[in-house]
Amino acid sequence: MFFLLLLPQWISTSETIGAYTWGSRVCVCVCIIRIFLGFPTLLFSFQWDAITEMDEHNRPIHTYQVCNVMEPNQNNWLQTNWVSRDAAQKIYVEMKFTLRDCNSIPWVLGTCKETFNLYYVESDEPHGVKFKPSQYTKIDTIAADESFTQMDLGDRILKLNTEVREVGPINKKGFYLAFQDIGACIALVSVRVYYKKCPFTVRNLAMFPDTIPRVDSSSLVEVRGSCVKSAEERDTPKLYCGADGDWLVPLGRCICSVGYEELDGSCHACRPGFYKAFAGNVKCSKCPPHSLTHIEATSVCQCEKGYFRAEKDPPTMACTRPPSAPRNVVFNINETALMLEWSPPSDTGGRKDLTYSVVCKKCGSDASQCEVCGGGIRFVPRHTGLTNSSVTVLDFVSHVNYTFEIEATNGVSELSFSPKQFTAITVTTDQDAPTLIGMVRKDWASQNSIALSWQEPDFPHGAILDYEIKYYEKQLSYSSTRSKAPSVIVTGLKPATKYIFHIRVRTAAGYSGYTSPSSLCASLSASDMAAEQGQILVIATAAVGGFTLLVILTLFFLITVPSKIKNLRIIFKSLNHIYRAKIRRLKTYIDPDTYEDPSLAVHEFAKEIDPSRIRIERVIGAGEFGEVCSGRLKTPGKREIPVAIKTLKGGYMDRQRRDFLREASIMGQFDHPNIIRLEGVVTKSKPVMIVVEYMENGSLDSFLRKHDGHFTVIQLVGMLRGIASGMKYLSDMGYVHRDLAARNILVNSNLMCKVSDFGLSRVLEDDPEAAYTTSGGKIPIRWTAPEAIAYRKFSSASDAWSYGIVMWEVMSYGERPYWEMSNQDVILSIEEGYRLPAPMGCPASLHQLMLHCWQKERNLRPKFSDIVSFLDKLIRNPSTLHTLVEDILVMPDSPGEVPEYPLFVSVSDWLDSIKMGQYKNNFMAAVYNLLSLQIGVALIGHQRRIVSSLQTLRLHMMHIQEKGFHV
Ligand code: ADE
């Protein structure tokens, strides 16, 4: 951050390279490389005296003093010894001194001075004893604070002054400092020389070395990080070192390798019993069930004995084992088919990939003399890899004992050497299947159901287990149900639809054949029909009655109250008036490209000017189509006005002429004090010209750069308010600018800002900031919302994003957004949640508004009307602008962490700005109950809006409470 120097931590970001302390009490040095305690013998001193005084605790203070205030033309020098500059290019000199004011010394008028001079000279090595003032370069004249002598109980006491000066770039290996007295009364107490650096840090598991900032304070040093031990790179880790020794914009990251987890910024090996199978910043996990490890840094745990991991099993999965045998095997047999069914094993081994295989054996009376059935027998669907727990056996021979062994297997069965677990069943193929059942009767039917019954079969050949009833409308798919009794009620049928029913009986020996199809239809009985018709009649009667009553009442009103009709007409008339006024206000922007001939659009929206009325005075710039000039426009009966004239240079193509004039067609539709005004066009003679109002101060970005630090915050907010007002007008008209940036705002002599540079896509072609994106469009990346960059979703919400960037440009006096980061890095860092920090001296409320504008979710960004009212409020209550971001930076507890920014606008303003003002009271009450956050916002959408806004603003409630900030 920019402000670290002002905060207690700054010492860690600077390095002291030399300190000269003659007094011990006031010394603040942390790291003294070359110091003189007592009187420095290496200093050259000419008329400066080394004097020791005692402080109130009777400790010596060593000082260098000079006080030749009575004699004119003093030239007294004190020089330090040679100081190595180490890695620094820019150094800081902090001097502590006392200085007597001349008024406090009688008879010295004309000879006494109140300043001294600080000098330096660079050299690669110490010079030896020769001191030559002519070789020295002056750094500055040093004066004391405004009140450098104080009265205390009648005694005059000297105040200690502290002054710091920058020197650099220093190119040689070291330097000397020298202090020149020209007749003042000075005591130099200490001198500290230091430089700033971005200190070694670890971010996102990447290490960044000590880095010296650039001398040029507006540029950053890009530093590549290297991963900590046992970590690997994901996106290239990078940080930028800022001029004040603070790290900015973390990009990319490293992640802990397999077997290692992140803990306090480094990667630690997983403990025994834990593993991490994938690189990433997740924690080590306990070994999955039935696996273990006795060593550290394990990526995969080993399976316990009897448990296995299949080739495709992930390391996160438990180890498993083969299943136990299937259970409850039964069979059903008829003349031609034998159906085997079973239940799944009680232990699936912990897996879901269970399949079955069936082996057929023919056994004699001795079970040990079995042989595998020959090829004659068939299994449907097959005999191995069965996923269902049933199989049909065909083509078997009568009067044979068949033994079927049914085995369950899973993905690890092959890895196990233990014997196979199967269940066997023996079937003798001499049982008779049941006979067919007889006729099926329809007992009754309702709209969706039908009741059927039938006779039991004459020869079931055993106990009847149940009946299966199969039915369908079309033969493509069917449903079935079972019944123990010879009757069934089938429900869920479609009304008035024919269904086909088949029924068969099941005994221990298998199924009978199906009955022949019975085509039956579910329909209403006569009584049901009567009831339903009755209901319909009641509803119809009520409807007709109600309508009749309405007609009668209307007629009654019209006939009995004719006098009211006149009043109604008046009401209609005024409504019409309001409606028309509204229509007028809602004038919308018309895209000139929708005109078949765009030159017609120009004449619809722009006045043709006779060139004789224009006086061109001088060239003030160059546009893509030709020069931009300033000049005068004379309108009959009016005063001459200053204008800017854009010209279309000769030799243009039709297309260029059209593109040139399209800006006029757009500008001509606008009429607002914060939009650049079109005076007219010259199209009927050459050169073709666009004439607009003249803006004395040119474009906003260069204007601010030229007047860096010259304006009050209120003046800057006034400019921003004007731009927001112009943008509100444009968005109300449905016009999306797409290239809102300080360079496209013009400033007049009253500091009024006006939006300019219209022309949709052409604007972007012109803009030197616009770069080609991967989708082929040309876009000014730093000013553009992420959705517009990613998929060209331009809208007033993307203009609001750009407006936030313009705010940042204005508050930083024309600094380049994201400094010299590459476009690619800007896109990446925005995606990672980084947002531009508040410029130096920026009120916190304005930086919050910027952050509002930079919300990823475009619907949460403020509308331009919100922005205008928010800025109006700030202007009305200038005290809200007094709190600067640097005043409320919450410094972290440990060095190296990024300072937090507890945004603090009044809750009331903030809620108003996101249109959630109705929750103000609840919120105020909730401030006392922040942790529970029971703020009574019932609507989920509203909650989300508030929470998301809170997140984006990083408004950390707990911090606010802890640090006692006013909300
Ligand atoms: N440069 C471009 N347009 C201008 C205008 N209207 N006034 C001053 N300078 C400009």
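In the annotation of an unreviewed UniProt entry, the protein is listed under the name receptor protein-tyrosine kinase and assigned to Zosterops lateralis melanops. Listed under Subcellular location (unreviewed entry) in UniProt, the entry text for the protein is "Membrane".

When helices and strands are counted, the protein shows 16 helices and 53 strands. Across the 967 residues that make up the protein, the buried fraction comes to 47%. When contacts within the protein are restricted to residue pairs at least 6 apart in sequence, long-range pairs at least 24 apart make up 63% of them. When the accessible surface of the protein is summed, it comes to about 49600 Å², and 55% of that surface belongs to carbon and sulfur atoms.

With that settled, the discussion passes to the site of the ligand. Around the ligand, the surrounding shell consists of Ile 620, Val 628, Ala 644, Val 692, Glu 693, Tyr 694, Met 695 and Leu 746. One nitrogen or oxygen atom from the main chain of Glu 693 is found 2.9 Å from a nitrogen atom belonging to the ligand. Residue Met 695 places a main-chain N or O atom 2.9 Å away from a nitrogen atom belonging to the ligand. A class-by-class count of the residues in the shell around the ligand yields seven nonpolar, no polar and one charged.

Pairing of strand β23 (residues 260–263) with strand β24 (residues 266–269) involves four bridges; the strand directions are antiparallel. Bridging from a neighbouring strand, Glu 261 pairs with His 268 of β24. In textbook terms, the turn of a hairpin is the stretch between consecutive antiparallel strands, and for β23 and β24 this stretch comprises two residues, one of which, Asp 264, has a positive phi near 50°.

Because each turn of an α-helix spans 3.6 residues, side chains separated by three or four positions in sequence point in the same direction. Helix length check: helix α9 (residues 796–811) (16 residues) gives 22 Å between terminal C-alpha atoms against 22 Å at 1.5 Å per residue, within 8%. α9 sits mainly inside the fold: 15 of its 16 residues count as buried. Immediately beyond the C-terminal end of α9, within one or two residues, lies Tyr 813, with a positive phi of roughly 55°.

Moving on: the confidence of the model for the protein. Averaged over all residues, the pLDDT of the protein equals 79, while 76% of them reach at least 70. Low pLDDT, under 50, characterises residues 1–14; the stretch is placed with 47 contacts to residues that sit more than four places away or in other chains. This model gives residues 524–585 a pLDDT under 50, and the stretch forms nine contacts once residues within four places in sequence are excluded.

Our focus in this paragraph is the sheet that holds strand β16 (residues 206–208). By way of backbone hydrogen bonds, the strands of a sheet pair with one another, either parallel or antiparallel. Ordered by their spatial adjacency, three strands build an open sheet running β15-β16-β18, and the pairing between neighbours is antiparallel. In this open sheet, the two edge strands, each paired with only one partner strand, are β15 (201–203) and β18 (226–227). Two strands pair when backbone bridges link them, and β15 and β16 are joined in this way by three bridges, in the antiparallel orientation. Looking at β16, one finds that Thr 201 is bridged to Phe 208.

Take the side chain of Asn 410 next. Along the polypeptide, Asn 410 turns up in the loop between β35 (401–409) and β36 (422–428). Among the polar contacts made by the side chain of Asn 410, one reaches the main-chain carbonyl oxygen of Arg 321 at a distance of 2.9 Å. In this structure, Asn 410 is in contact with Arg 321, Pro 322, Pro 323, Thr 348, Gly 349, Arg 351, Asp 353 and Leu 354, ignoring residues within four places of it in sequence.

Per the stated rule, a full pass over the model turns up 34 salt bridges. The shortest N-O distance in the salt bridge between Arg 192 and Glu 94 comes to 3.6 Å. Here Arg 192 is found in strand β14 (residues 185–196), whereas its partner Glu 94 is found in strand β7 (residues 91–99), with 98 residues between them in sequence. A relative accessible area of 1% places Arg 192 in the buried class. On the accessibility criterion, Glu 94 (8% relative accessible area) is buried. A salt bridge links Arg 655 to Asp 659; the shortest N-O distance between them is 3.7 Å. With a gap of four residues between them, Arg 655 and Asp 659 both fall in helix α4 (residues 654–667), about one helical turn apart. A residue is classified by how much of its surface remains accessible, and Arg 655, at 54% relative accessible area, is exposed. A relative accessible area of 17% places Asp 659 in the buried class. One network of salt bridges, in which partners are shared, links Arg 615, Glu 617, Arg 632 and Glu 640.

Within the structure shown, the criterion is met by nine disulfides. The disulfide bridge from Cys 102 ends at Cys 112, spanning 2.0 Å between sulfur atoms. Its torsion about the S-S bond being -80°, the disulfide of Cys 102 and Cys 112 is classed as left-handed. Here Cys 102, found in the loop between β7 and β8 (115–123), pairs with Cys 112, found in the loop between β7 and β8; they are ten residues apart in sequence, far enough to count as distant. Residue classification places Cys 112 among the buried positions, given a relative accessible area of 11%.

It is worth spelling out the environment of Val 868 at this point. By secondary structure assignment, the location of Val 868 is in helix α12 (residues 864–876). As for Val 868 and Leu 720, which are separated by 148 residues in sequence, their C-alpha atoms are 8.8 Å apart. In contact with Val 868, not counting residues within four places along its chain, are Arg 721, Ala 724, Ser 725 and Lys 728.

The complete set of buried residues in helix α10 (residues 823–831) reads Asp 825, Val 826, Ser 829 and Ile 830. Along the long axis of α10, the arc covered by the buried residues comes to 130°, so they all point the same way. Looking at α10, the residues exposed on the side facing more than 90 degrees away from the buried face are Gln 824 and Glu 831. Gly 833, located one to two residues past α10, shows a positive phi value of around 100°.

What counts and what doesn't
- Residues numbered from 1 in each chain as written.
- Predicted model: local features only at pLDDT ≥ 70, side-chain atom pairs only at ≥ 80, totals over all residues.
- Heavy atoms only, no water.
- UniProt positions renumbered as here; feature names shortened; annotations may be inferred.
- Helix = DSSP H or I, 4+ residues; strand = E, 2+ residues; numbered from the N terminus.
- Buried < 20%, exposed > 50% of the residue type's maximum accessible area, 1.4 Å probe, protein only.
- Contact = heavy atoms within 4.5 Å.
- Areas by Shrake-Rupley, 256 points an atom, 1.4 Å probe, with all protein chains shown as cover.
- Near = heavy atom within 4 Å.
- Polar contact = N/O pair within 3.5 Å; in protein donor to acceptor, adjacent residues only side chain to side chain.
- Nonpolar A, V, L, I, M, F, W, Y, C, P; charged D, E, K, R; others polar.
- Pairing = 2+ DSSP bridges.
- Expected span 1.5 Å × (residues − 1).
- pLDDT = per-residue confidence, 0-100.
- Salt bridge = Lys/Arg side-chain N within 4 Å of Asp/Glu carboxyl O.
- Disulfide = S-S within 2.5 Å.
- Arc of directions from axis to C-beta.

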